[in-house]
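Residues per chain are reported as follows:
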Amino acid sequence: PMLSIVWSDDFEDGDYAGGEEDETGSYYVDEGVLMAMSGEFVHRSEVAHGAWSFDVFISDQMPALDRIGIMYDEEGIYGLGILIRTEQNTVINYFQRESGLTSVAGEFEMEGQISGWNHFDITRDEEGHSIVYLNGEPILEHKDELSITPYWFAFFGPIGSALDNVVVREMEIDVKEPE
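Conventions used here
- Residues numbered from 1 in each chain as written.
- Predicted model: local features only at pLDDT ≥ 70, side-chain atom pairs only at ≥ 80, totals over all residues.
- Heavy atoms only, no water.
- Helix = DSSP H or I, 4+ residues; strand = E, 2+ residues; numbered from the N terminus.
- Rg over C-alpha atoms; globule rule 2.2 N^0.38 Å.
- Buried < 20%, exposed > 50% of the residue type's maximum accessible area, 1.4 Å probe, protein only.
- Contact = heavy atoms within 4.5 Å.
- Areas by Shrake-Rupley, 256 points an atom, 1.4 Å probe, with all protein chains shown as cover.
- Lys, Arg positive; Asp, Glu negative; His and termini not counted.
- Charge placed at Lys NZ, Arg CZ, Asp CG, Glu CD.
- Core = buried A, V, L, I, M, F, W, Y, C linked by side-chain atoms within 4.5 Å.
- Pairing = 2+ DSSP bridges.
- Polar contact = N/O pair within 3.5 Å; in protein donor to acceptor, adjacent residues only side chain to side chain.
- Phe/Tyr/Trp six-rings, centres within 6.5 Å; stacked < 30°, edge-to-face > 60°.
- Salt bridge = Lys/Arg side-chain N within 4 Å of Asp/Glu carboxyl O.

**Section: the overall build of the chain**
Reasoning step 1: Of regular secondary structure, the chain possesses zero helices and 15 strands.
Reasoning step 2: Expected size for 179 residues packed as a compact globule is a radius of gyration near 16 Å; at 15 Å, the chain falls within 12% of this value.
Reasoning step 3: Over its C-alpha atoms, taken along the principal directions, the chain stretches across nearly 40 × 40 × 35 Å.
Reasoning step 4: Residues counted as buried form 51% of the 179 residues belonging to the chain.
Reasoning step 5: Nonlocal contacts in the chain, meaning residues at least 24 apart in sequence, comprise 59% of its contacts between residues at least 6 apart.
Reasoning step 6: When the accessible surface of the chain is summed, it comes to about 9,000 Å², and 47% of that surface belongs to carbon and sulfur atoms.
Reasoning step 7: Each charge sign in the chain was given a centre, from 8 positive and 38 negative side chains, and these centres are 6 Å apart.

**Concerning the nonpolar core**
Reasoning step 1: In this structure, Phe54, Ile82 and Phe120 are the most contacted members of the largest nonpolar core, which totals 35 residues.
Reasoning step 2: Here this core gets four residues from one element, more than from any other, and that element is strand β6 (residues 50–58).
Reasoning step 3: In this structure, Val42, Tyr72, Tyr151 and Ala154 belong to the second largest nonpolar core, which totals seven residues.

**Details of the pairing of strand β5 (residues 40–44)**
Reasoning step 1: Counting buried residues in β5 gives four out of five residues, a clear majority hidden from the surface.
Reasoning step 2: When β5 meets strand β14 (residues 152–156), the two strands line up antiparallel, connected through five bridges. Residue pairing for β14: Glu40 is matched across the bridge by Phe156.

**A short note on the side chain of Asn93**
Reasoning step 1: Within the secondary structure, Asn93 is located in strand β9 (residues 90–98).
Reasoning step 2: Given a relative accessible area of 2%, Asn93 falls into the buried group.
Reasoning step 3: Within the local environment of Asn93, its side chain forms a polar contact with the side chain of Glu107, the two groups lying 2.9 Å apart.
Reasoning step 4: Those residues in contact with Asn93 that lie beyond four places of it in its chain are Gly81, Ile82, Leu83, Arg85, Val104, Gly106, Glu107 and Leu140.

**Section: the packing of aromatic side chains**
Reasoning step 1: As enumerated under the stated definition, the model contains eight aromatic pairs in all.
Reasoning step 2: Here the aromatic residues Trp7, Phe54, Phe120 and Phe153 are joined through ring pairs into a cluster of three or more.

**Focus on the pattern of salt bridges**
Reasoning step 1: Evaluated as defined, the whole model comprises five salt bridges.
Reasoning step 2: The partner of Lys143 in a salt bridge is Glu145, with the nearest N and O atoms 3.6 Å apart.
Reasoning step 3: Using a relative accessible area of 68% as the deciding quantity, one classes Glu145 as exposed.

These figures come from the coordinates and say nothing about function on their own.
Here it is in structure tokens:
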């Protein structure tokens, strides 16, 4: 479904055209990868249902909290996304933001830490049913009642984390496990 791609960036051109940092953000592109220093990186994205695919590098050097908001409204008051926390174990939360308050809508915990590059796909249908996939395997499902006008895709990563191969589609995809 190439026609369903609304925007994508693999950062191979050395920049993040179409994206921007918030006032505290500090990001740079190194060898085709968006590297985090601080703050939030956002890209205009008006997709409410479809598929969001991306690779996240999770550093094993420190406890980390990476946040990827697949969609936020223009003011950041409403939204959906995932939180990746690494300490002794890795916990992946699916979050929902309503009226400026963030709540955990689903949680997946795995023994040990995941580090290095990991691929995520998130699908959401018109009824608000979402599935989060980690490296091709479904790990979380959630049904929301959010009615939002999406405006932003956002990435917040601590020093040492990175984002790559972002593809946003306005159509759900069939996620397959890697061979």
